[in-house]
Amino acid sequence: MDFDEARHLLSRTSFGFRWDELEAMRSISYTEGVERLISSVPSRTVEAPQWLAKPLRVKRWKELSAAEREVVKRERRRRSLELKVWWYRQMIASDRQLVEWMTRFWHGHFTSELKKVKWPGLMFRQNRLFREHALGNFKTLLHAVAKDGAMMIYLDTVRNRKNHPNENFARELLELFTLGEGHYSENDIKNAARAFTGWGLDRRTGTFRFRSKHHDDGMKIFLGEKGRFGGEEIIDIVLRRPQTARFVSVKLFVALTGTYPEKTIENRLGELFYRSGYEIRPLLRAILLSDPFRDPANRGAMVKSPAELIAGTLRSFSIGKLPLEKAVRMGRVLGEDLFDPPGVEGFAQNREWITGDTLLLRQTLMRKTAGKIASSDTLESHGPEEIRRWLLPVDPAVTPKSVSTRRRLEAILTDPAYQLK
């Protein structure tokens, strides 16, 4: 595989890559490289936080004293930070980077927010769910997400009762998860919300529980179909609409290429995804093999997200000295607070990550990080031009002139081109 093409493929499907991984990719053809990526299975996760099996509290909130509530809040903050550190560690350690990248993609698609869920253990379970189904089947994933504890709390499914239907989950199911705006009516939302009434959680275990006494089993009309639908039937009806396949495939295409597909490509990807029964691997294969993705003009045309920048840099150089608590805080400052997206639409995308302030902050971070790279076998055994091509997708804005390896590296990491992928 051509050096630059191998670099491009890895940069769009990972949180950073080492020189040896780039060399391994170059040793095979492009098609073989894509197959290697999409054949990935969920890798073993790094050790999970020890507190997962321990409840935050054993009493109901209203039974706690003011002092006990403060203790619970402090413990929740501690666990939340540890959970975010855990995911950064997982991003860096994983040898199945496409699985990890897709886990992050589904986190942005099926958004939940730790600040509202207030149960770090449930957010961990949701993250594990995304990883298990990262390259699997979208239909299976959608059904599982609908009954996921964190999602049910975040979008108020747990508050959905037949006498007072809550429309939050039904609305986001149609608008953000499947069909997209303009492909449903307000009445469809109302009837879908009725179908999900009675869905709840066992508060001790955080697992799904159906409460029939709270379910509206009356007749409903949804997307032109009539019946006494429950939540599962609503999801199946949505999945029978080819628009769902088009909507999801376009979103993944944009995330990987940074551009919207032409209508012919949109239709082709949507039909492929639909006819495959919503299998994710064939869709990924088609996108990564597509002309828009492989176009040399598309290299270095997207902006790294904060997590890609931070975890990717640490992973590329195998840096273990930087406390990941700092990585979490810097990611938050730069706009990507993992497990706490800013709203139901998820995180920013591509060029939205960059402002005058965040670009300066990114460069400051990279300057400090460069100082942590005391030595590297890769830096010592390869020339300046090879290092530049490894780290930069396009020519640098300023050509490094220093003869010092450390100064050259600092110049590369702080160059605007390093922000691109």
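Please read these numbers as outputs of a predicted model, since none were measured by experiment. (Residues numbered from 1 in each chain as written. Predicted model: local features only at pLDDT ≥ 70, side-chain atom pairs only at ≥ 80, totals over all residues. Heavy atoms only, no water.)

1. Considering the pattern of salt bridges
- A full pass over the atoms with the stated rule returns 34 salt bridges.
- Notably, a salt bridge pairs R285 with E35, separated by 2.6 Å at the nearest N-O pair. Here the residue R285 occupies a position in helix α15 (residues 280-288), and E35 occupies one in helix α3 (residues 30-38), the gap between them amounting to 250 residues.
- R285 sits in the partly exposed class, given a relative accessible area of 29%.
- According to the relative accessible area criterion, E35 is partly exposed, its value standing at 30%. (Salt bridge = Lys/Arg side-chain N within 4 Å of Asp/Glu carboxyl O. Helix = DSSP H or I, 4+ residues; strand = E, 2+ residues; numbered from the N terminus. Buried < 20%, exposed > 50% of the residue type's maximum accessible area, 1.4 Å probe, protein only.)

2. Quick look at the nonpolar core
- One finds M102, W106, F110 and F138 to be the most contacted residues of the largest nonpolar core, which totals 119 residues.
- A total of seven residues in this core trace back to one element, the largest contributor, which is helix α4 (residues 66-93). (Core = buried A, V, L, I, M, F, W, Y, C linked by side-chain atoms within 4.5 Å.)

3. Some details on unusual backbone geometry
- Located in the positive-phi region is D156, a residue other than glycine, with phi close to 65°.
- By the element assignment, D156 lies in the loop between α9 (149-154) and α10 (168-178).
- One non-glycine residue, L223, lies in the positive phi region at around 50°.
- Inspection of the secondary structure puts L223 in the loop between β3 (220-222) and β4 (225-227).

4. Section: the packing of aromatic side chains
- Evaluated as defined, the whole model comprises 20 aromatic pairs.
- Aromatic side chains W101 and F105 sit 6.2 Å apart centroid to centroid with 10° between the ring planes, which places their arrangement in the stacked category. Pair noted here: W101 and F105 are both in helix α5 (residues 97-109), with a separation of four residues, about one helical turn. Across the pair, exposure class does not vary: W101 and F105 are buried alike.
- Their ring planes at 70° and their centres at 5.0 Å tell us that F105 and W106 sit as a pair that is edge-to-face. W106 carries the same exposure label as F105, and that label is buried.
- Its end group placed over the ring of Y30, R294 keeps NZ or CZ at 3.8 Å from the ring centre.
- Taking the ring centre of F3 as reference, the NZ or CZ of R389 above it sits at 4.3 Å. (Phe/Tyr/Trp six-rings, centres within 6.5 Å; stacked < 30°, edge-to-face > 60°. Lys NZ or Arg CZ within 6 Å of the ring centre and 35° of its normal.)

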